[in-house]
Amino acid sequence: MIAELGLAALWLAAALAALQLVAGALALREGGAELAALVRPAAIVQGFLAGFSFLMLLVLFAQTDLSVKLVAMNSHSEKPMIFKLSGSFGNHEGSMLLWVTVMALAGALIAAVERRLPEKTMLATLAAQSFVGIGFYAFLLLSSNPFERLPVPALEGMGLNPLLQDIGLVFHPPTLYVGYVGLSVAFSFAVGALLTRQVTPDFARAMRPWVLGAWIFLTLGITAGSYWAYYELGWGGWWFWDPVENASLMPWLAATALLHSASVLASRDALRTWTIMLGVVAFSMSMVGTFLVRSGILTSVHAFAVDPERGTFILGLLVIYIGGALLLFALRAGTISEGERFSVTSREGALVFNNVMLSAILGIVLLGTLYPLLTEAFDVRVSVGPPYFNPVGAIFVVPMLLVMAVGPLLRWRKDSLTRIRLPIAIIGGALLAALILVSLLSSVSILPLLGLVLSIGLAIASFMPIRGRKLRLLPIATWGMMIAHFGIAVALFGMASESAFSEETLAAVEVGGSADVGDWNVVLTEVRPTAGPNWTALEGRMMVSYKGGDAKEIDPQSRNFWAPPQETTESALVTRWNGQLYAVIGRQAGEGRWQLRLWWKPFVTFIWYGGMLVALGGLLALIGRLMADLKRRSIKSRVAGRRAETAV
Amino acid sequence: MIRWTLWVPLALFLLFCGVAAYQLTQPKDEFIASTMIGQPLPEFDLRAASADRPGLATRDLRDGQPRLLNVFASWCIPCIAEAPQLEALRRQGADIAAVAIRDKPEDVARFLANYGNPYSRIGADDLSELQLAIGSSGVPETFVIDGQGVIRYQHIGDIRASDVPVLLQKLAEAK
Amino acid sequence: MTSRLKAKHQRLILIVIALAALIGAGLLAAYALRNQASYFYVPAQMVSEPPAPGEAVRLGGMVQAGSLRTEPDGVTFAFVVGDGEATVPVRFAGILPDLFVEGSGVVAEGRLDPGGTFVADNLLAKHDENYIPRELEEMTEHQAQQVVAETTDEQLDPGA
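Residues numbered from 1 in each chain as written. Chains lettered and ligands numbered in written order. Predicted model: local features only at pLDDT ≥ 70, side-chain atom pairs only at ≥ 80, totals over all residues.

Draft legend 1. The arrangement of the overall build of chain B in detail. The number of helices and strands found in chain B is six helices and seven strands. Each helix and strand of chain B, placed in order from N terminus to C terminus, yields the pattern α-α-β-β-β-α-β-α-β-α-β-β-α. Here chain B holds 175 residues, and the buried ones make up 43% of them. Contacts spanning at least 24 positions in sequence make up 76% of the contacts within chain B whose residues lie at least 6 apart. (Helix = DSSP H or I, 4+ residues; strand = E, 2+ residues; numbered from the N terminus. Buried ≥ 20, exposed ≤ 12 C-beta atoms within 10 Å, placed from the backbone. Contact = placed C-beta atoms within 7 Å.)

Draft legend 2. Representation of the overall build of chain C. From N to C terminus, chain C includes three helices and seven strands. Beginning at the N terminus, the succession of helices and strands in chain C can be written as α-β-α-β-β-β-β-β-β-α. Counting all 160 residues of chain C, 37% fall into the buried class. Restricting to contacts in chain C with at least 6 residues of sequence separation, those with at least 24 account for 59%.

Draft legend 3. Fine view of the nonpolar core. Residues and elements named next belong to chain A. Counting residues in each nonpolar core, the largest one holds 247 residues, and the members touching the most others are A186, V211, A254 and A255. Per-element tally for this core: the top contributor is helix 8 (residues 201-232), with 18 residues. Ignoring sequence-local partners within four residues, the contact set of A255 consists of L183, V211, A214, W215, L218 and A282. Listed in part, the 24 residues of the second largest apolar core include V517, M542, A572 and V584. (Core = buried A, V, L, I, M, F, W, Y, C linked by C-beta atoms within 7 Å.)

Draft legend 4. Summary view of the interface of chain A and chain C. Contacts between the two partners involve 41 residues from chain A and, on the opposite side, 34 residues from chain C. Contributions of two or more residues to the side of chain A that touches chain C are made by helix 12 (347-376), strand 1 (382-383), helix 13 (386-406), strand 2 (503-510), strand 8 (565-570), strand 10 (579-590) and strand 11 (593-602) of chain A. At 11 residues, helix 12 of chain A tops the list of elements feeding residues into the side of chain A that touches chain C. For the side of chain A that touches chain C, the per-class residue count stands at 21 nonpolar, 14 polar and six charged. In terms of strand pairing, strand 1 of chain A meets strand 1 (residues 38-41) of chain C through two bridges, oriented antiparallel. When the bridges of strand 1 of chain C are listed, V382 of chain A appears paired with Y39 of chain C. (Nonpolar A, V, L, I, M, F, W, Y, C, P; charged D, E, K, R; others polar. Pairing = 2+ DSSP bridges.)

Draft legend 5. Quick look at the sheet that holds strand 3 (residues 67-72) of chain B. All names here are of chain B. The five strands lie next to each other as 5-4-3-6-7, forming an open sheet whose pairing is mixed. Among the strands making up the open sheet, the edge pair consists of strand 5 (119-125) and strand 7 (151-156). Along the sheet, successive strands turn relative to each other by an average axial angle of 20°, direction set aside. (Axes fitted to C-alpha atoms, helices over the stretch in contact; angles between N-to-C directions.)

Draft legend 6. How the structure looks around the packing of helix 1 (residues 2-28) of chain A against helix 6 (residues 119-143) of chain A. Residues and elements named next belong to chain A. Between helix 1 and helix 6, the shortest axis-to-axis distance is 8 Å and the interhelical angle comes to 150°. In this structure, helix 1 meets helix 6 at a crossing whose hand is left-handed. Together, L10, W11, A13, A14, A17, A18, Q20, L21, G24, A25, A27 and L28 of helix 1 and K120, L123, A124, L126, A127, S130, F131, G133, I134, Y137, L140 and L141 of helix 6 make up the contact between the two elements. Looking at the contact of helix 1 with helix 6 residue by residue, the class counts come to 19 nonpolar, four polar and one charged. (Left-handed = near helix turned anticlockwise from the far one by under 90°.)

Draft legend 7. Up close: the confidence of the model for chain C. All names here are of chain C. With 68% of its residues at a pLDDT of at least 70, chain C reaches an overall mean of 71. Confidence drops under a pLDDT of 50 for residues 126-160, and excluding neighbours within four residues, the segment shows 72 contacts in the predicted structure. Interface confidence for the predicted complex, given as ipTM, is 0.80, next to a pTM of 0.83. (pLDDT = per-residue confidence, 0-100.)

Draft legend 8. Main features of the interface of chain A and chain B. Residue-level contacts link 32 residues of chain A with 24 residues of chain B. Among the elements of the structure, helix 3 (69-74), helix 10 (272-295), helix 11 (308-332) and helix 12 of chain A are those that each provide at least two residues to the side of chain A that touches chain B. Here the residues of the side of chain A that touches chain B are counted per class, giving 24 nonpolar, six polar and two charged.

Draft legend 9. Region of the structure containing helix 16 (residues 476-501) of chain A. Taking 1.5 Å of rise per residue, the 26 residues of helix 16 of chain A would be expected to cover 38 Å, and the 37 Å separating its terminal C-alpha atoms lies within 8% of that figure. Among the 26 residues of helix 16 of chain A, 22 are classified as buried, and the element is accordingly described as predominantly covered. (Expected span 1.5 Å × (residues − 1).)

Draft legend 10. Focus on the environment of T117 of chain C. Residues and elements named next belong to chain C. Within the secondary structure layout, T117 lies in the loop between strand 6 (105-112) and strand 7 (118-125). Among the residues examined, T117 registers 14 C-beta atoms within 10 Å and is labelled partly exposed. Separated by 56 residues in the primary sequence, T117 and G61 place their C-alpha atoms 15 Å from one another. Leaving out residues up to four positions away in the same chain, T117 has contacts with P89 and R91.

Draft legend 11. The arrangement of the sheet that holds strand 9 (residues 572-576) of chain A in detail. Residue and element names in this part refer to chain A. One open sheet accounts for four strands, arranged 2-11-10-9; its pairing is antiparallel. At either end of the open sheet lies a strand with only one pairing partner, and these are strand 2 and strand 9. Recorded for the sheet is a direction-independent mean angle of 20° between the axes of neighbouring strands. Pairing of strand 9 with strand 10 involves five bridges; the strand directions are antiparallel. The partner of R576 across the bridge, within strand 10, is G579.

This is the structure:
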């Protein structure tokens, strides 16, 4: 019954999306104005229905209703409740349902709260949002129905991939999805603006909070995903340039560029076509990433079940939506009048430079991700990894970071470098000092060296905008920007330090024996069997001490899951302010010895602290913008009120 | 801004779609399927996977009668989904032999008790040896074997209701 | 008038910089991809046309039964990967991945040393009832049969 309710709600939501599209499209034409009143309510009800449908799926998973195929294939009655729930979106059908749900909810939210856009652009935006939505509803209902029943209920479920039975994975995919799909709002805004040709600073101000919101979620999702891969895969790495990871990075890069260009458009009415372009590209990257991951044309460690038929369907959607939007762009962008002009040395100039660099990095990641696809057409199989992405990316990251350090100090429209020569000298001095210090203290290879030096320079530079201003008067959004930039510096420091100073020990140790890594001493005191709700494990008990200090106990495990049968390694971490000890226990190595793999990773945690700071900066900027909007709105209404009074 | 540059993104995107579409039309399964069709079965002799049905050997499939050879396992959910279709095939006169992949007798018995037993013979393939040797890469799969032990057709994945007539047709052609 | 001209000039500079950066990125990426992508080999290819020693490549095949040896240090492993036509000895120091057993398919990342041994930095093994490494699907049926014959006579139980 619950499955049928969910399915019915989904069909209804799809029907409302169709209504929303038709009413919106007709209302845009002359004489269709009375239909306009339908569009907002349709969007809101559609949001509720999609949310209800997803709720029903959660209920099915909570009850472990094994007559539903999706539950039988991805859950198990003995699984802990939290993983039963996360099982609902840890698979293709459920995650697509989450996708349309987020999209419908975003549409409902725009319809409910957005008041700044001109009415026509608003209608076009909601129509575009429902147009994209319909395709994904069709995809769900026609080829990936999550509520499909089995002819005979299964006796027991097949379980969920044990790698995914992890608390990090409960929050990581929904976060990332909100980010991906939140970008659909930017896409719809861009298409709406192209349709009505109204690309104004007001449009950018209306779009900015949505992009910021999606971007914050993307940032958190990527940060969490990286940390998950780090401790769950047991390989000690935190980024593998895997297609799935790239699929989340590319929308982030595009959204970051969009955020900055929208701010130029909002403040200075420049970069009109470019901002529209980025709005289209950002969500396109979300869809392309989904396509690459789901169609199985690229293989990945995190791959979902692959199905070429689904790939064809998604590719069709891509052609319609991205192709359509790009076609509209090519036809209309030329008619959008040129925005305000500015000088190369100005805030706009710096932002344009960084936009170009971000786009170049996006292109490099995209090409690297697609290259295996390209060569396979010629029957050559390759894989592309860090030896490509790291150095080639760095060529563009380095100038970007340098400009990022100086850019916020420049004035809008026109400025000169001599005006800010003092801060430039300070930043330059810091860079030079860091360079000398790092190269004297240790021999570090070129990329980590650059990373360390730049991160120090950028950390100092990110707070330079405070100089000469009253702290109390500094807008919250400016604080947000400074913290986000500082977060980038912090994350970069962590990355560079991890790659420059990590130490690794691989040893076979008998119980009672010890191994050293960095300043740590690790004693293996016991290996014992242990069990959890749906797994058994061998657990190594280790006493670890840093520089001869107090010993601490850690227990890495090698786990065996039985539904479905699979082994995973559970790493154990000891976090200090200056880094992490990372321990993995392997198999028996003969003669009573056990394999241990230990890493000391100085400052590795800064990578994720940095990511969180970036997200926090985004949140502050969002709050600042919203508060400023509210203030403006209340002033407007007060002015209007006073006018009305005087008129009487 | 030069007008033609506005078309560049669209052109690049269409190029990507072209490559992706080409890749999608190169299904991985097709290669495996094409090498197997028309080939004779390898020699094998599998013990019975369940107490109430005999095991399966190559000679059982060379007695002149065309058959379906269903590759299944008790741990496989799509196999549950295709059970009604197999039953329908049996009722329409198809003789179905089966291979249970990496399974235990008690699990097979439980599976058959719950979802029906349309099979005339069930061999146990504990190491996926036969499965790999006949070019099957997953469960479930269904092969059409003519009376001489030659593979005539391969169906990959679970049998949907719409596949039943196709399989009956292929079975009739194999005579 | 001059400031207007100058503004136009500045805009042109920006566009030129942007185009140069993007085209540069494309060319650079294309160049780097040709050199840095690691190619996939099956053992037969690795024997007949070996990659240059030290070049990062991937090797995919089946781990031959009875070939897995552990060195006295307990963490270095030697085994043989075959595809039914040729075999390549592999060395790997580290913790064997989950579900790595003799008879399973494996993709090893690493490089060939001058002595003809493949030194792996990383092993990607995936082993369930439905899975063969995607690259191995290129093997012919005959090869697959041989691999099965070679790898199943002494199969280890992953649970044991």
